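Close look at the chain arrangement
Listed below are the residues making up each chain.
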Amino acid sequence: MATREPIGYRVGVVGATGAVGSTILEVLSERDFPVSELVPFASERSAGKQVEFGGRKLEIRPLSPETIDGVELVLSSAGGSVSAEWAPRFADAGAVVVDNTSYWRMHDDVPLVVAGVNDEAADEHRGIVANPNCTTMQMVVALKPIWDTAGIERIVVSTYQSVSGTGRRAIEELREQSRAVLEGEQPDPEVFPHQVAFNVIPQVETFSDGDDYTTEERKVMNETRKILAAGKELGVSSTCVRVPVVTGHSESVNVQTREPLSPEECRQVLAAHPGILVVDAPHEGIYPLAIDAAGRDEVLVGRVRRDPSHERCLNLWVVGDNLRKGAATNAVQVAELLHERGLVRAAPQPVGAA
Ligand SMILES: NC(=O)c1ccc[n+]([C@@H]2O[C@H](COP(=O)([O-])OP(=O)(O)OC[C@H]3O[C@@H](n4cnc5c(N)ncnc54)[C@H](OP(=O)(O)O)[C@@H]3O)[C@@H](O)[C@H]2O)c1
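Residues numbered from 1 in each chain as written. Predicted model: local features only at pLDDT ≥ 70, side-chain atom pairs only at ≥ 80, totals over all residues. Heavy atoms only, no water.

Once that is clear, we can look at the sheet that holds strand E5 (residues 73-76). Within a sheet, each strand pairs with its neighbour through backbone hydrogen bonds, oriented either parallel or antiparallel. Pairing is parallel in the open sheet, where 5 strands are placed in the order E2-E1-E5-E6-E7. Lying at the two open borders of the sheet, with one neighbouring strand each, are strand E2 (35-41) and strand E7 (128-130). Going across the sheet, the axis of each strand differs from the next one's by a mean of 20 degrees, ignoring polarity. In the sheet, strand E1 (residues 9-14) pairs with E5 via 4 bridges, with the strands oriented parallel. Paired with Val-13 across the two strands is Leu-75, which belongs to E5. Where helix H2 (residues 80-92) meets the sheet, it contacts E1, E2, E5, strand E6 (96-99) and E7, and its direction lies at approximately 155 degrees from that of E6. The sheet contacts of helix H8 (residues 324-340) involve E1, E5, E6 and E7, and relative to E5 the element is tilted by about 160 degrees. (Pairing = 2+ DSSP bridges. Helix = DSSP H or I, 4+ residues; strand = E, 2+ residues; numbered from the N terminus. Axes fitted to C-alpha atoms, helices over the stretch in contact; angles between N-to-C directions. Contact = heavy atoms within 4.5 Å.)

And the structure:
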């Protein structure tokens, strides 16, 4: 007698108490992903805590060889060091891991997938699929139709990134600092290198030894090329800036196309692309706003205009919810495409194997 596949997967969410992990739980429910059992993981600090999923309260578990046993699909967002150790362990135990951290993104044998942009890259997975950095993710969604229509030679991007991009503690820091400043106090920064409330900080993440660019800026440059399967011939220059916004990254993107593309044509190809919402009537005060993007899955694009200094350059304003399409929604969309392509239970050749 033929055995029937169970309806749904045993899904592990690693970092289930975090900003991204809790959004993953919401998105899995909203999109009705086939889950037969959900196993929420977090650190030892969360022992005894519960999270809600599908109307049930589930106890948080620590990561151990026993607790990961039998998990088939993992959506992981607990930081690079946790993924470095546990993603291969999950993969060795037969699971497929969709990883939100930066640890695996640039490994040659780990596909870096933006659903709706380079889905086919997931076919090559060996147990780990990486989710790009949130800043890169929303920009690449907006660039893909332009890339396909006119080609792109160079991108110059400046970002205005929300604090939730740094996680739960960073959201608390903005709220506490805002209250303190309004009460006339001078708060000490803990999560960010400077006060973020009522301020703009031209540093997202850290400066590695001797590099004038931050690790976040390097991610934007390197990951964009990997997702678009472009080499060094694609110029990418980025400046990443933290602003006192809770959710929603905004980006000023200057794109130099290979072929001519008018702002009107650009709006048309953007509007035709699933996952993009063109919001562009600037004279009526209508353009993408972080507060409008927060809670949505689409990437909002507006202020599409010719760069007066170059006939093949356009300027765009790109806004997305960093916790949703920038992380959780894309992770679940990748899980969906692994499911649709029969790639969840397929035994992969492990990462690092020849
Ligand atoms: N925030 C974003 O917009 C965004 C977007 C894309 C990618 N990412 C990436 O996603 C990851 C998480 O980001 P976040 O913003 O969700 O951070 P967060 O709010 O600080 O959450 C971190 C999560 O990781 C868990 N954790 C920490 N150490 C652990 C350990 N040793 N074992 C198991 N779980 C552990 C925490 O559990 P406890 O509650 O027990 O401490 C918490 O659930 C980071 O790598 C980040 O770069 C974030």
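Moving on, we get to the packing of helix H1 (residues 19-30) against H8. Two quantities define a packed helix pair, namely the angle between the axes and the distance from one axis to the other. Contact geometry of H1 with H8 gives a least axis separation of 9 Å together with a crossing angle of 50 degrees. The pairing of H1 with H8 is recorded here as oblique in orientation. At the point where H1 passes H8, the crossing takes the right-handed sense. Within the contact between the two elements, H1 uses Val-20, Thr-23, Ile-24, Glu-26, Val-27, Leu-28 and Glu-30 and H8 uses Arg-324, Ala-327, Ala-328, Thr-329 and Val-332. Taken together, the residues of the contact of H1 with H8 break down into 7 nonpolar, 2 polar and 3 charged. (Parallel < 35°, antiparallel > 145°, perpendicular 65-115°, else oblique. Left-handed = near helix turned anticlockwise from the far one by under 90°. Nonpolar A, V, L, I, M, F, W, Y, C, P; charged D, E, K, R; others polar.)

Even without glycine at this site, Asp-32 takes up a positive phi of about 60 degrees. Mapping Asp-32 onto the fold places it in the loop between H1 and E2. Of note in this structure, Phe-198 is not a glycine but carries a positive phi near 55 degrees. Examined against the element boundaries, Phe-198 turns out to sit in the loop between helix H4 (168-182) and helix H5 (215-227).

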